Amino acid sequence: MIRLLYVLAGIIGFIEWYSVGVYFMAKRCGYKTPSLCFVPFMAFKIQNKLTGTFTVLTIPVKKYHGMMISFFAVILFACFYLFWGQEHLLDENAKLSLKSIMLLIIVVCALLIEISLLFGVKKAYRKMNVEKEGMYTLLSVIPLSVPLLMYIASKNTPKTEEEMY
C-alpha cells in the first residue's frame, strides 16, 4: 500500500511541477485566474484553452485534461493491480506474468503522456512566439525542464488566435 502512495505522490508532484510553467504562460496571456493551474489537472485544461486543439500522432486532442486524467488513472490502477498481485498471488509464474503485463501498460501510458506533453508544449511555444521553437521542444523531452522553458517562453508576447494559423 505504501508503494502505491509513492506512485500517487509522484504523479501529483509531476502535475504540480508542470502547473508552474502553465501558470506563467496563463498569467502572461491574460487568463483571468491563473492560480487555478495548481489544482490537479486544471493546468492541462487551461493550457488547452490557451493553445486550442492540437494533434498527437495525427489524433486531434480537444480535451487535453481528460486525456491526461485517463492516462494517469490507468497508470495508477496498473500499479495498484501490480502491487496487489505481488503480495497476494502464490504462483511465481503468475506474479512474473502479471508484472510483465502491468509494466507494459505503465510504459505505454507513460510514453503517450510524454508524446502528448511534447506536442502540447510545442503548440504552447508557438503561441508564445518563441523563435527557437524546435530547440525548446527538443529540450522538453526531459519533463523536469518544461516549467523552466515555459517560464522563459512566457516572457515573449503571445500570438493572437489569427497569428497562430
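Relevant structure appears above.
Now for a description of the structure that goes with this document. Everything numeric in this text was worked out from a predicted model, so none of it was measured. (Residues numbered from 1 in each chain as written. Predicted model: local features only at pLDDT ≥ 70, side-chain atom pairs only at ≥ 80, totals over all residues. Heavy atoms only, no water.)

With respect to the packing of helix H1 (residues 2–28) against helix H2 (residues 42–51)
In contact at an axis separation of 9 Å, H1 and H2 are set at 30° when each is read in the N-to-C sense. Put simply, H1 runs roughly parallel to H2. Crossing hand, H1 versus H2: left-handed. Contact residues: Ile15, Tyr18, Ser19, Val22, Met25 and Ala26 in H1; Ala43, Phe44, Ile46, Gln47 and Leu50 in H2. Partitioned by chemical class, the residues of the contact of H1 with H2 number nine nonpolar, two polar and no charged. (Axes fitted to C-alpha atoms, helices over the stretch in contact; angles between N-to-C directions. Helix = DSSP H or I, 4+ residues; strand = E, 2+ residues; numbered from the N terminus. Parallel < 35°, antiparallel > 145°, perpendicular 65-115°, else oblique. Left-handed = near helix turned anticlockwise from the far one by under 90°. Contact = heavy atoms within 4.5 Å. Nonpolar A, V, L, I, M, F, W, Y, C, P; charged D, E, K, R; others polar.)

Let's talk about helix H4 (residues 92–127)
Spanning 36 residues, H4 covers 52 Å between terminal C-alpha atoms, matching the ideal 52 Å at 1.5 Å per step. Asn129 sits one or two positions beyond H4 and adopts a positive phi of about 60°. (Expected span 1.5 Å × (residues − 1).)

Overview of H1
Along its 27 residues, H1 runs 40 Å from first to last C-alpha, staying within 8% of the 39 Å computed at 1.5 Å per residue. Along H1, the residues that are buried comprise Leu4, Ile11, Ile15, Tyr18, Ser19, Gly21, Val22, Tyr23, Met25 and Ala26. Where H1 is buried, its residues contact H2, helix H3 (64–88), H4 and helix H6 (146–153). At the C-terminal side of H1, Gly30 shows a positive phi close to 85°. (Buried < 20%, exposed > 50% of the residue type's maximum accessible area, 1.4 Å probe, protein only.)

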